[in-house]
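Residues per chain, in single letters:
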Amino acid sequence: MSTMQSKNSSTIPGFRPNTQLLAAGAAMTGFGALVVAAGAAMVGFSLAMAGRRWVQSWETAPTEMAQRTLNQARVASQAGLEAWRGASPSMN
């Protein structure tokens, strides 16, 4: 066994990365991830605030619009059910 293999047999011969450079790269990657996360949070916050202002500018509140649409759907469903029940077999 050579002296190189006896010291550390788990390393690949000739492959010795610069550990300082690796550490600096890892630190910069971590910092970059934090910057990306902060930027994404700022974009999300800005879009949420713009959406909120837009909804507040509507003449009709979203809950009122939803209630109105639900009532229209109920009336249409009831009318369809009544028409189906009232249809005579001879109409086919």
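Nothing here was measured: the structure is a model prediction, and the numbers come from that model.

Colleague: Looking at this structure, I do not really get the overall build of the protein chain. What am I missing?
Modeller: The helix and strand tally for the protein chain stands at 3 helices and 0 strands. Ordered by position from the N terminus, the helices and strands of the protein chain form the series α-α-α. Sorting the 92 residues of the protein chain into buried and exposed places 0% on the buried side. Carbon and sulfur atoms form 65% of the exposed surface of the protein chain, whose accessible area is close to 8,400 Å².

Colleague: Just checking my understanding: could you explain the packing of aromatic side chains for this structure?
Modeller: Pairs of aromatic rings are described using the distance from one ring centre to the other and the angle between the two planes. Summed over all chains, the structure comprises 1 aromatic pair. Between the aromatic rings of Trp54 and Trp58, the centroid separation amounts to 5.0 Å while the plane-to-plane angle is 80°, which identifies the pairing as edge-to-face.

Colleague: Mind showing me how you'd approach the pattern of salt bridges here?
Modeller: Close approach of charged atoms allows side chains of opposite charge to pair. The tally for this structure, following the rule as stated, stands at 1 salt bridge. For Arg68, the salt bridge identified is with Glu64, shortest N-O distance 3.1 Å. Here Arg68 and its partner Glu64 are both found in helix α3 (residues 62-86), 4 residues apart, which amounts to about one turn of the helix. Accessibility expressed as a relative area gives 42% for Arg68, which makes it partly exposed. Relative accessible area serves as the criterion here: at 44%, Glu64 is assigned to the partly exposed category.

Procedures and definitions
- For every chain, the first residue of its written sequence is number 1, and the numbers climb from 1 along that sequence.
- Only residues with pLDDT of at least 70 are given local features in this predicted model, and only at 80 or more are side-chain atom pairs given and counted; all residues enter the totals for whole chains, interfaces and linings.
- For side-chain calculations, the full set of non-hydrogen atoms in the structure is used, while hydrogens and water are omitted.
- Secondary structure elements follow DSSP: runs of H or I of four or more residues count as helices, runs of E of two or more count as strands, with numbering from the N terminus.
- Classification of residues uses two cut-offs on accessible area relative to the type maximum, computed with a 1.4 Å probe and protein chains only: under 20% is buried, over 50% is exposed, and between them is partly exposed.
- Areas reported here follow the Shrake-Rupley algorithm with a probe of radius 1.4 Å; residue values treat only the protein chains shown as occluding.
- To pair, rings of Phe, Tyr and Trp, with the six-membered ring standing in for Trp, must have centres within 6.5 Å; the planes then decide the type, stacked if under 30 degrees apart, edge-to-face if over 60, and tilted in the middle.
- Only one rule defines a salt bridge in this text: a Lys or Arg side-chain nitrogen within 4 Å of an Asp or Glu carboxyl oxygen.

These results come straight from atomic positions and should not be treated as a statement about function.
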